[in-house]
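Structural overview for review
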Amino acid sequence: MRRLDQLLANLGYCSRREARGWIQAGRVTVRGVTEKDFGAKANPAEVQVDGAPLDHPDGLLLLLHKPVGLVCSHDEREGPNIYSLLPPRWRERNPGITSIGRLDKDTSGLLLLTDQTELVHQLTSPKHKVPKVYRATLASDLPAGLAAIFASGTLLLKDEVKPCASADLKVITPRSAELTLTEGRYHQVRRMFASQGCEVLTLHRAQFGPLSLTDLPVGQWRTLPPETFASR
Ligand code: URA
């Protein structure tokens, strides 16, 4: 049960003060009956605003096809960000929506977004070893023996003391490959290739755990059932 004014404000409809006005004006019903007491408590599933059910009152989990050119930061000073792709109301929610891990500005592909802090921790923790599949194109031919180096579990990145966990490299053409990581270090794919003298030209994340983009167009998102990762 949630307080009506707080519920509307937290779901991004309006400020708490405005919510009180909306409720007093009769725009909100509970189980089909107008409720004018903004302090009343209700089950969010039974609340409607202007005749429509509430917008995802139980939380959001989104799968986004991130385009290149957008950053994953909320900080506007870092440039245009992925949150600009979402409906304005969702950007006003509290708790706010955040990405589960990040992709670089120049990387495209599958990115999960949620307002569930627990899920962010669960899926970004190295303990859980969620496999992430990246497709990279390279500026020069891949050197022989690269798969063995990436799989070794001993590869050290510049300025780091802990070796990278074993990663699976599938060479597709002389200048393109698919790399599966279970970690998510800063710029990890680009840095792993750079450590072996290879420059990554394009990078795309095709899979995150059991999820792939299927035919989702670039810049679009779809909602996933909140229980998608429930059994982990
Ligand atoms: N590795 C990178 O280098 N960049 C990303 O965006 C993700 C993984």
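Thresholds, definitions, all that
Residues numbered from 1 in each chain as written. Predicted model: local features only at pLDDT ≥ 70, side-chain atom pairs only at ≥ 80, totals over all residues. Heavy atoms only, no water. Helix = DSSP H or I, 4+ residues; strand = E, 2+ residues; numbered from the N terminus. Rg over C-alpha atoms; globule rule 2.2 N^0.38 Å. Buried < 20%, exposed > 50% of the residue type's maximum accessible area, 1.4 Å probe, protein only. Contact = heavy atoms within 4.5 Å. Polar contact = N/O pair within 3.5 Å; in protein donor to acceptor, adjacent residues only side chain to side chain. Pairing = 2+ DSSP bridges. Phe/Tyr/Trp six-rings, centres within 6.5 Å; stacked < 30°, edge-to-face > 60°. Near = heavy atom within 4 Å. Areas by Shrake-Rupley, 256 points an atom, 1.4 Å probe, with all protein chains shown as cover. Nonpolar A, V, L, I, M, F, W, Y, C, P; charged D, E, K, R; others polar. Domains from an automatic or database assignment. Arc of directions from axis to C-beta.

The next thing to look at is the overall build of the protein. Along the backbone of the protein there are six helices and 15 strands. The C-alpha radius of gyration of the protein comes to 22 Å, more than 25% above the 17 Å expected for a compact globule of 232 residues. For the protein, the spread of C-alpha atoms along the three principal axes comes to 70 × 35 × 35 Å. By residue count, 44% of the 232 residues in the protein fall in the buried class. At a minimum sequence separation of 6, the contacts of the protein that also span at least 24 residues come to 62%.

With that settled, the discussion passes to the side chain of D115. Relative to the assigned elements, D115 resides in the loop between β9 (107-114) and α4 (117-124). Of note is the side chain of D115, whose polar atom sits 2.9 Å from the backbone nitrogen of L60. Polar side-chain contacts of D115 include one of 3.1 Å to the side chain of R93. Leave out the neighbours within four places in its chain, and D115 touches G59, L60, R93, P95, G96 and I97.

The next subject is the pairing of strand β7 (residues 61-66). Across the six residues of β7, six count as buried, placing the element largely inside the fold. Where β7 lies against strand β15 (residues 221-223), three bridges are found, and the strand directions are antiparallel. Across the sheet, the residue bridging to L63 is R222, located in β15.

Below, the discussion takes up the packing of aromatic side chains. Under the criterion given, the structure shown has three aromatic pairs. When the ring of W90 is compared with that of W221, the centres are 4.9 Å apart and the planes differ by 50°; the resulting orientation is tilted. Placement of the pair is W90 in helix α3 (residues 88-91) and W221 in strand β15, with a sequence separation of 131 residues. Note on W90: relative accessible area 5%, which makes it buried. When its relative accessible area of 28% is taken as the criterion, W221 is described as partly exposed. Consider the rings of F150 and F193, whose centres lie 5.3 Å apart with planes at 80°: the pair is edge-to-face.

Glancing now at the site of the ligand. Near the ligand you find L103, D104, T107, Y134, H187, Q188, V189, R190 and L203, and these make up its full shell. The contact in question runs from a nitrogen atom of the ligand to an N or O atom on the backbone of V189, over 3.0 Å. The fraction of the free accessible surface of the ligand (240 Å²) that becomes covered by protein chains is 97%. The element contributing the most residues to the shell around the ligand is helix α6 (residues 188-194), with three residues. For the shell around the ligand, the class distribution of residues is four nonpolar, three polar and two charged. Per-domain counts for the shell around the ligand show at least three residues from each of domain 2 (61-125 + 213-223) and domain 3 (131-208).

Moving on, we get to unusual backbone geometry. A cis amide bond, omega 5°, links N94 with the succeeding residue P95. Positionally, P95 belongs in the loop between α3 and β8 (98-99). Positive phi values are uncommon outside glycine, yet R31 reaches one of about 50°. Notably, H56 is not glycine yet its phi reads approximately 45°, a positive angle. Mapped onto the secondary structure, H56 falls in the loop between β6 (52-53) and β7. Here H56 falls in the partly exposed class, since its relative accessible area comes to 33%.

Our next topic: helix α2 (residues 16-24). Within α2, burial applies to A19, W22 and I23. Each buried residue of α2 sits inside an arc of 95° when the element is viewed along its axis, so together they form one side. Buried residues along α2 sit against α1 (4-10), β2 (28-30) and β5 (47-49). One or two steps after α2, the chain reaches G26, where phi turns positive at roughly 85°.

So, on to α4. Buried within α4 we find L119, V120, Q122 and L123. Within α4, the buried residues cover an arc of 165° as seen down the axis, which keeps them to one side. Exposed residues pointing more than 90 degrees away from the buried face of α4 are listed as E118 and H121.

No statement about biological role is implied by the geometric values presented.
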